[in-house]
Amino acid sequence: MAAITRFLKPSANSHVRICLYSTSAVAAESNPHAPSPFSDYKITRRDPSERNVQWVFLGSPGVGKGTYASRLSTLLGVPHIATGDLVREELASSGPIAKQLTEIVNQGKLVSDETIISLLSKRLQDGEAKGESGFILDGFPRTINQAEILEGVTGIDLVVNLRLPENVLIEKCLGRRICGQCGKNFNVASINVKGQNGCPGISMAPLLPPSSCISKLITRSDDTVEVVKERLRIYNEKSQPLEDYYRNQGKLMEFYLPGGIPESWPKLLEALNLDEFDERQSVAA
């Protein structure tokens, strides 16, 4: 697939405006001369005109980064790399850090930079060996230190920051379900928030499973009120410096979700100047 170069176009859309965090990140930021965890990892750095997009999706836990990143990866023909999935794959394995990761995730804490970087570097290296071009990262980076490490490895074209009010995020997270057999994700929450103080209302219909999955639904162990609130607190505390980092580079696009996928997807494509591309893909299909 030919490389796609996109520039954000001006939009009157009111929804658009142009962490995995650990003590190791603090230590690395206080010692800029410390060796990079990526020092032995090499990836070909191509000119943007010669490759596909290299985007990052940011947003609070439960905002829907994975859903929108996955849809865009299919549309653009690039891999969707979610660090959360990389962690869960390791959790399901009998690898040496699986037990440690289980304790961290169940307590609502965040995984160290070294672990995430190790998992991500292997994924990128494997993808390049298979001829992948471009990517959409979901869940990484979440600190300035991680962003600088990533920038030393490969370029980032655009950072999409998805936004939802905290009360909506909590309700979404508590409604998440996974089919224990097929592994697909669903959500049983029906969200209707009335607009007030000049802010628009938000309506999200549930994403219900087919009858074959209903009896096999499970809730993630970290989707409890206490754990979700703690994850949001930590994320909000640590996300602002990273947002400022990309905003100062002119790479940050903040997108305020107006509702569920039916309402938000076409507006996101419009903001990314991909609405016409989506129509061409639909016709071709």
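Residues numbered from 1 in each chain as written. Predicted model: local features only at pLDDT ≥ 70, side-chain atom pairs only at ≥ 80, totals over all residues. Heavy atoms only, no water.

Going through the model one piece at a time under the given rule, you end up with 1 aromatic pair. Seen in terms of ring centroids, Tyr 245 and Tyr 246 are 5.1 Å apart; in terms of plane orientation they differ by 75 degrees. Their pairing is edge-to-face. Tyr 245 sits in the buried class, given a relative accessible area of 17%. On the accessibility criterion, Tyr 246 (0% relative accessible area) is buried. Cation over ring: Arg 71 sits above Trp 265, and NZ or CZ is 5.3 Å from the ring centre. (Phe/Tyr/Trp six-rings, centres within 6.5 Å; stacked < 30°, edge-to-face > 60°. Buried < 20%, exposed > 50% of the residue type's maximum accessible area, 1.4 Å probe, protein only. Lys NZ or Arg CZ within 6 Å of the ring centre and 35° of its normal.)

The next point concerns the pairing of strand 4 (residues 135-138). Every second residue of strand 4 is oriented toward a common face, with Phe 135 and Leu 137 on one face and Ile 136 and Asp 138 on the other, all of them buried. Bridge analysis of strand 2 (residues 54-59) against strand 4 gives 4 bridges, and the strand direction is parallel. Bridge pairing links Phe 57 to Asp 138 in strand 4. Where strand 3 (residues 80-82) and strand 4 come together, 3 bridges link them in parallel fashion. Bridge pairing in strand 4 places His 80 opposite Ile 136. (Helix = DSSP H or I, 4+ residues; strand = E, 2+ residues; numbered from the N terminus. Pairing = 2+ DSSP bridges.)

Moving on, we come to the packing of helix 7 (residues 166-174) against helix 9 (residues 225-248). The contact between helix 7 and helix 9 brings their axes to 10 Å, and the two run at 135 degrees. On the basis of their axis angle, the class for helix 7 and helix 9 is oblique. Judged by the sense of rotation from one axis to the other, the crossing of helix 7 with helix 9 is right-handed. In this structure, helix 7 uses Glu 166, Leu 169, Ile 170, Cys 173 and Leu 174 to contact helix 9, whose residues at the interface are Val 225, Val 228, Lys 229, Leu 232 and Asn 236. When its residues are assigned to classes, the contact of helix 7 with helix 9 shows 7 nonpolar, 1 polar and 2 charged. (Axes fitted to C-alpha atoms, helices over the stretch in contact; angles between N-to-C directions. Parallel < 35°, antiparallel > 145°, perpendicular 65-115°, else oblique. Left-handed = near helix turned anticlockwise from the far one by under 90°. Contact = heavy atoms within 4.5 Å. Nonpolar A, V, L, I, M, F, W, Y, C, P; charged D, E, K, R; others polar.)

Read from one edge to the other, the open sheet built from 3 strands follows the order 7-6-10, with strand pairing classed as antiparallel. If you trace the sheet from one side to the other, it starts and ends with strand 7 (185-187) and strand 10 (217-218), each paired once. Examined bridge by bridge, strand 6 (residues 176-179) and strand 7 share 3 bridges and lie antiparallel to one another. Bridge pairing in strand 7 places Arg 177 opposite Phe 186.

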